[in-house]
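Structural overview
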Amino acid sequence: AMKNRSLVGSVTAASRFEDTRKNLVDRLSTVVDNILKPDNTHVDKERLFHSLKTIALLSSSLEMGALGSGVLMSLQFLDPVTGWISLSTLAIGGGASYMIGTTRIARQYRNQWLQRS
């Protein structure tokens, strides 16, 4: 009465597993090949270093402005209220620009990796 029942499963389930496995291996192979292509790595490195350099220049410029405000305030060339406002604004702006910039770069590369996979 129970001739058609099997403990393992049907043949179609096993073939679907093999198809899924083959598709996964093919997709991973394609992603790894795309990532390791010498053309893309050079372009990606240049883009990354350019982005980091831009963020570093912006952040350090704002921080130098904060330092300049502090020096001018300590030499009494700048009113203390104005000096503290400019010092704190430039210092916070320098730190925030660095954090926002590195977060943006990380998000871009995360999206790029997701697109490649």
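Here is what the cut-offs are and how they apply
- Residues numbered from 1 in each chain as written.
- Predicted model: local features only at pLDDT ≥ 70, side-chain atom pairs only at ≥ 80, totals over all residues.
- Heavy atoms only, no water.
- Helix = DSSP H or I, 4+ residues; strand = E, 2+ residues; numbered from the N terminus.
- Buried < 20%, exposed > 50% of the residue type's maximum accessible area, 1.4 Å probe, protein only.
- Contact = heavy atoms within 4.5 Å.
- Polar contact = N/O pair within 3.5 Å; in protein donor to acceptor, adjacent residues only side chain to side chain.
- pLDDT = per-residue confidence, 0-100.

This next bit is on the overall build of the chain. On a plain count of helices and strands, the chain comes out with 3 helices and 0 strands. The secondary structure elements of the chain, listed N-terminal to C-terminal, are α-α-α. The burial tally for the chain puts 16% of its 117 residues in the buried class. When contacts within the chain are restricted to residue pairs at least 6 apart in sequence, those whose partners lie at least 24 apart make up 69%.

What follows deals with unusual backbone geometry. The phi angle at Gln76 is positive, at roughly 60°, despite the residue not being glycine. For Gln76, the location among the structural elements is in the loop between α2 (38–74) and α3 (80–116). Assessed through its relative accessible area of 71%, Gln76 is described here as exposed.

With respect to the helices and strands, Ser97 occurs in helix α3. In this structure the side chain of Ser97 is engaged in a polar contact, spanning 2.9 Å, whose partner is the backbone oxygen of Gly94. In this structure Ser97 touches Ile55, Leu58, Ser59 and Leu62, once residues within four positions along its chain are discounted.

Further remarks concern the confidence of the model for the chain. The share of residues in the chain with pLDDT of 70 or more is 74%, and the mean pLDDT across the chain is 79. The secondary-structure element of the chain with the lowest mean pLDDT is helix α1 (residues 11–35), recorded at 71, while α3 shows the highest, at 88.

What follows concerns the side chain of Ser69. Looking at the element boundaries, Ser69 is found in helix α2. For Ser69, a relative accessible area of 8% translates into the label buried. In contact with Ser69, not counting residues within four places along its chain, are Leu78, Gly83, Ser86, Leu87 and Leu90.

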